[in-house]
Amino acid sequence: METPDVRAVVTGITAEVLGVDPAALHSTNALTDLPTFSSFRIVEIVERVEEELDTEVEASELTPDNLSRLDTLTALFERTLRTSGVPG
């Protein structure tokens, strides 16, 4: 089984849900700085990434620190996949 490109999945889904160019995600310090960001949208992002990667993030991991930046969001899913036994 091929390891998913977690960064590409998270970036693509986040850009799509927020309606921004992926480059805008890399040039902003926090997702919350984007005018299209909302708590409802972060829930949609997490659900869609979970579905795409066929994994589920522990509720205790859904903290503002883990969800506020593209890098921390990507790291959250990388950790989740590692602990769920997805080959890497």
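The following refers to the structure shown.

The rules we used
Every chain is numbered on its own, with residues counted from 1 as its sequence reads. This being a predicted model, a pLDDT of at least 70 is required before a residue's local features are given, and a value of 80 or more before pairs of side-chain atoms are given or counted; all residues contribute to the totals for chains, interfaces and linings. Each side-chain value is worked out from all heavy atoms of the structure, with water and hydrogens disregarded. In this analysis, axes come from line fits to C-alpha atoms, helices being fitted only over the stretch in contact, and the angle between any two N-to-C directions falls in the range 0 to 180 degrees. Strands here mean DSSP runs of E at least two residues long; helices mean DSSP runs of H or I at least four residues long; both are numbered from the N terminus. Handedness of a crossing follows from how the near helix is turned relative to the far one, being left-handed for an anticlockwise turn of less than a right angle and right-handed for a clockwise one. Should any heavy atoms of two residues lie within 4.5 Å, those residues are considered in contact. Each residue gets one of three labels, nonpolar for Ala, Val, Leu, Ile, Met, Phe, Trp, Tyr, Cys and Pro, charged for Asp, Glu, Lys and Arg, and polar for the others, Gly among them. Note on definitions: salt bridges are taken to be side-chain nitrogens of Lys or Arg within 4 Å of carboxyl oxygens of Asp or Glu. Exposure is judged per residue with a 1.4 Å probe applied to protein chains only, and the accessible area is read against the type maximum: over 50% gives exposed, under 20% gives buried, and values in between give partly exposed. For classification purposes, angles smaller than 35 degrees are called roughly parallel, those larger than 145 roughly antiparallel, those between 65 and 115 roughly perpendicular, and all remaining angles oblique.

## Things to note about the packing of helix H3 (residues 39-53) against helix H5 (residues 70-83)
Contact geometry of H3 with H5 gives a least axis separation of 12 Å together with a crossing angle of 35°. Considering how the two elements wind past one another, H3 and H5 form a crossing that is right-handed. Here H3 contributes Ile42, Ile45, Val46, Val49, Glu50 and Leu53 to the contact with H5, which in turn contributes Leu73, Phe77 and Leu81. Taken together, the residues that form the contact of H3 with H5 break down as eight nonpolar, no polar and one charged.

## Re the pattern of salt bridges
Under the criterion given, the structure shown has five salt bridges. Residue Glu16 pairs with Arg48 through a salt bridge whose shortest N-O separation is 2.6 Å. Of this pair, Glu16 sits in helix H1 (residues 6-18) while Arg48 is found in helix H3, placing the two residues 32 residues apart along the sequence. The salt bridge partner of Arg79 is Glu61, with a shortest N-O separation of 3.1 Å. You can see Arg79 sitting in helix H5 and its partner Glu61 sitting in the loop between H3 and helix H4 (64-67), a full 18 residues away along the chain. By sharing partners, the salt bridges in this structure join Arg7, Arg69 and Asp71 into a single network.

## Thoughts on the side chain of Thr80
Position of Thr80 relative to the elements: it lies in helix H5. Among the residues examined, Thr80 registers a relative accessible area of 10% and is labelled buried. If we skip the residues at most four places from it in the chain, Thr80 touches Thr55, Glu56 and Val57.

## Topic: the packing of H1 against H5
The geometry of H1 relative to H5 is characterised by a closest axis approach of 9 Å and an angle of 130° between their N-to-C directions. In terms of their interaxial angle, H1 and H5 are classed as oblique. The element H1 and its partner H5 pack so that their crossing is right-handed. Residues Val6, Arg7, Val10, Thr11 and Thr14 of H1 pack against Leu70, Asp71, Leu73, Thr74, Phe77, Glu78 and Leu81 of H5. Along the lines of polarity and charge, the residues of the contact of H1 with H5 split into six nonpolar, three polar and three charged.

## Focus on unusual backbone geometry
Residues other than glycine seldom take positive phi values, yet Asp54 does so here, at roughly 55°. Relative to the helices and strands, Asp54 is located in the loop between H3 and H4. What makes Asp54 exposed here is its relative accessible area of 70%.

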